[in-house]
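Here is how the chains run, residue by residue.
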Amino acid sequence: MTDIIASPAVKEAVKVVMEQQERLGDEAAAEARESQPIRTSVLRAAQLAAEAEDHARGRQHVKGKLTARERLDLLLDAGSFEEIGRFRGGDINGGRAGSAVITGFGEVFGRKVAVYAQDFSVKGGTLGVAEGRKICHLMDKALDLKVPIIALIDSGGARIQEGVAALTEYGHLFRKTCDASGFVPQLSLILGPCAGGAVYCPALTDLIIMTRENSNMFVTGPDVVKAATGEVISMDDLGGGYVHNATSGVAHYLGEDEADAIDYARTVLAYLPSNSDQQPPVYAYAATRADRDVAKRLATIVPDNDRQPYDVLDVIRCIVDYGEFVQVHELFATSAVVGFACIDGRPIGVVANQPNVRAGILDVDASEKVARFVRLCDCYQLPVVTLVNTDGMAVPAVCQQGNLLRGAAELCYAYSEATAAKVAVITGDAVGAAYVAMGGKNVADMAYAWPNAMIAPLTKEAAVQTFEGEKLQAGETREGLEDAYAKRSGALFAAQNGMVDHVIEPRETRKYVIYALEMLASKHDVNLPKKHGNLPL
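Residues numbered from 1 in each chain as written. Predicted model: local features only at pLDDT ≥ 70, side-chain atom pairs only at ≥ 80, totals over all residues. Heavy atoms only, no water.

**Topic: the overall build of the protein chain**
Next up, step 1: Along its length, the protein chain carries 22 helices and 16 strands.
Next up, step 2: Buried residues in the protein chain amount to 51% of all 537 residues.
Next up, step 3: Accessible surface, the protein chain as shown: approximately 24800 Å² in total, 53% of it carbon and sulfur. (Helix = DSSP H or I, 4+ residues; strand = E, 2+ residues; numbered from the N terminus. Buried < 20%, exposed > 50% of the residue type's maximum accessible area, 1.4 Å probe, protein only. Areas by Shrake-Rupley, 256 points an atom, 1.4 Å probe, with all protein chains shown as cover.)

**Brief notes about the packing of helix α18 (residues 460-467) against helix α20 (residues 478-488)**
Next up, step 1: Viewed as axis vectors pointing N to C, α18 and α20 meet at an angle of 115°, and their least axial separation amounts to 9 Å. Here α18 and α20 pass one another in a crossing that is right-handed. Along its contact with α18, which presents Lys460, Glu461, Ala463, Val464 and Gln465, the element α20 presents Arg478, Leu481, Glu482, Tyr485 and Ala486.
Next up, step 2: In terms of residue class, the contact of α18 with α20 is made up of five nonpolar, one polar and four charged. (Axes fitted to C-alpha atoms, helices over the stretch in contact; angles between N-to-C directions. Left-handed = near helix turned anticlockwise from the far one by under 90°. Contact = heavy atoms within 4.5 Å. Nonpolar A, V, L, I, M, F, W, Y, C, P; charged D, E, K, R; others polar.)

**Notes on the pairing of strand β13 (residues 422-431)**
Next up, step 1: Summarising burial for β13: 10 of the 10 residues are buried, a large majority.
Next up, step 2: The pairing of strand β12 (residues 384-390) with β13 spans six bridges and is parallel. Along β13, the bridge assignment pairs valine 388 with isoleucine 426.
Next up, step 3: Bridging between β13 and strand β14 (residues 446-449) involves four bridges; their strand directions are parallel. Note that in β14 the partner of valine 423 across the bridge is methionine 446.
Next up, step 4: You can see the chain leave β13, run along helix α17 (residues 433-439) and come back into β14, and the turn it takes is right-handed.
Next up, step 5: Summarising the sheet, β13 and strand β15 (residues 454-456) pair through three bridges and their orientation is parallel. Residue pairing for β15: alanine 430 is matched across the bridge by isoleucine 455. (Pairing = 2+ DSSP bridges. Right-handed = clockwise from strand over helix to strand, strands pointing away.)

**Concerning the state of the cysteines**
Next up, step 1: Summed over the entire model, instances satisfying the criterion amount to zero disulfides.
Next up, step 2: For cysteine 136, which is in no disulfide, the shortest distance to another cysteine sulfur is to cysteine 201 and amounts to 8.5 Å.
Next up, step 3: Under the relative-accessibility criterion, cysteine 136 is labelled buried at 9%.
Next up, step 4: In this structure cysteine 178 is a free cysteine whose sulfur lies 8.8 Å from that of cysteine 201, the closest cysteine sulfur available. (Disulfide = S-S within 2.5 Å.)

**Some words on the environment of cysteine 342**
Next up, step 1: Residue position: cysteine 342 is located in strand β10 (residues 336-343).
Next up, step 2: If we ignore the near neighbours within four places in the chain, the residues touching cysteine 342 are Tyr271, Tyr283, Val320, Asp321 and Pro347.

**Section: the packing of aromatic side chains**
Next up, step 1: Across all of its chains, the model carries seven aromatic pairs by this definition.
Next up, step 2: Considering the side-chain rings of tyrosine 170 and phenylalanine 174, the 6.2 Å spacing of their centres and the 25° angle between planes classify their relative orientation as stacked. Of the two residues, tyrosine 170 and phenylalanine 174 both sit in helix α6 (residues 164-180), four residues apart, roughly one turn of that helix.
Next up, step 3: Under the relative-accessibility criterion, phenylalanine 174 is labelled partly exposed at 22%.
Next up, step 4: Each member of the aromatic cluster is reached from another via a ring pair, and the members are Tyr170, Phe174 and Tyr200.
Next up, step 5: Directly above the aromatic system of phenylalanine 120 lies the positively charged group of lysine 65, at a separation of 4.7 Å from the ring centroid.
Next up, step 6: Across from the ring centre of phenylalanine 109, 4.4 Å away, lies the NZ or CZ of arginine 266, which sits over that ring. (Phe/Tyr/Trp six-rings, centres within 6.5 Å; stacked < 30°, edge-to-face > 60°. Lys NZ or Arg CZ within 6 Å of the ring centre and 35° of its normal.)

**Some points on the nonpolar core**
Next up, step 1: Ranked by size, the top nonpolar core spans 67 residues in total, and within it Leu152, Leu189, Phe340, Val351, Tyr415 and Ile426 carry the most contacts.
Next up, step 2: Looking at which element gives the most residues to this core, the answer is helix α15 (residues 364-379), with seven residues.
Next up, step 3: Once residues lying within four places of it in the same chain are set aside, the contact partners of tyrosine 415 are Val351, Val370, Val374, Val384, Thr386, Lys422, Ala437, Met438 and Val443. (Core = buried A, V, L, I, M, F, W, Y, C linked by side-chain atoms within 4.5 Å.)

Geometric descriptors of this kind do not, in isolation, establish any biological role.
Have a look at this one:
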């Protein structure tokens, strides 16, 4: 659907007028406007819109950036964008086409979404009263329609010339974003600067996507940092895409360019329902012989030596449909892996310890990364499949004890509060609090263990070192004592004591996960009636 401004007749008339203006000047162009079989006001508005886009291309392309409308063309299905409030905040008679934000609705893979794109070519994309009200109006409509909200951010922040009125609009946006949180998916794409109060809006959304170049988020810029501390720091080092993906963990994906970032947003939306009242989409999937062949690879991926690391991504790709796994927070807290996949055509969230990185140990960052992802999945009824293989929680310095306790508490809270289906597969060691938080029957609806799994309060090395000192002094070998401890903590012992539901061969993992998810498809847990819990932040 297109508005009258984008109709072929109006485009052709604008082309004639602009050619006349270029050749003969403004006076002849005015005469050309009057000679067109289209209302002068419509023609003038269309001409302003065309000039604005030409201006935007001139400003953005030299920086290696796309215009706001070009970004919308990449994000949305072809021809699906329906703009609302195009000239709101503008002055057609005064020669201003509109405000510094474009709002409207479109489709992604045939499903409706709400989207706003800030236009840096108009007053630096800053937010004033007109822009704030346009975005709030869009969000109200999105909540009424129960559709996802996508923000394309490229802004210098609040419009200083409008003073506290601009800040007030940010306050309204914060409130609207919180109202929408957990009700409809919210994605923020940072495709330029995002400074000052503007950073809080994307920080409140479900996922933040940044690019390697031109993408920045910071509360105070390099000049303010220098004035306050004397430190000289670049925009990229202060708040660039890599910093927020790998160090702070604020962002969830780092795109190589704008097209990559936008493609990731489209991909993520394919796994999520439009709102929390709906079930996730289901896709056609036909099992083939290749599935069985791939499943057999699991027996060869995990080494017999439990001290030898391996890449858990290889395990995940052997379990999920077509081996397709969309990571979230790929560069942050890499001892844990989280992301989206499908099993038997049904979207799921996957959580796994990464033995390749510090033996999959859970530190503060990894705990918070997993906790936030589990809560995201639970908001939109995505089942969570957890692959557990960790030596437990990190051993922090004394000054970090409080942080680790909070991180571990957030992890326990997220899994315990989640009412979505939860399936755990213990593929190796499940030690201490990490087992209780991630893979225990206290949090998982169904729990499986591979034959090599060990479930214990301590690793076998730590247990022998701590409790078997007398036997070591008496001449018993450390290796023998460790083997005895491992047998008392093995998968069969866990099954006998009800700590897991089945001991399964690795090649059967996909089959059992599918069985569990089918059984839990009608699960409908309800938490105790209360206002909300007190999440340990």
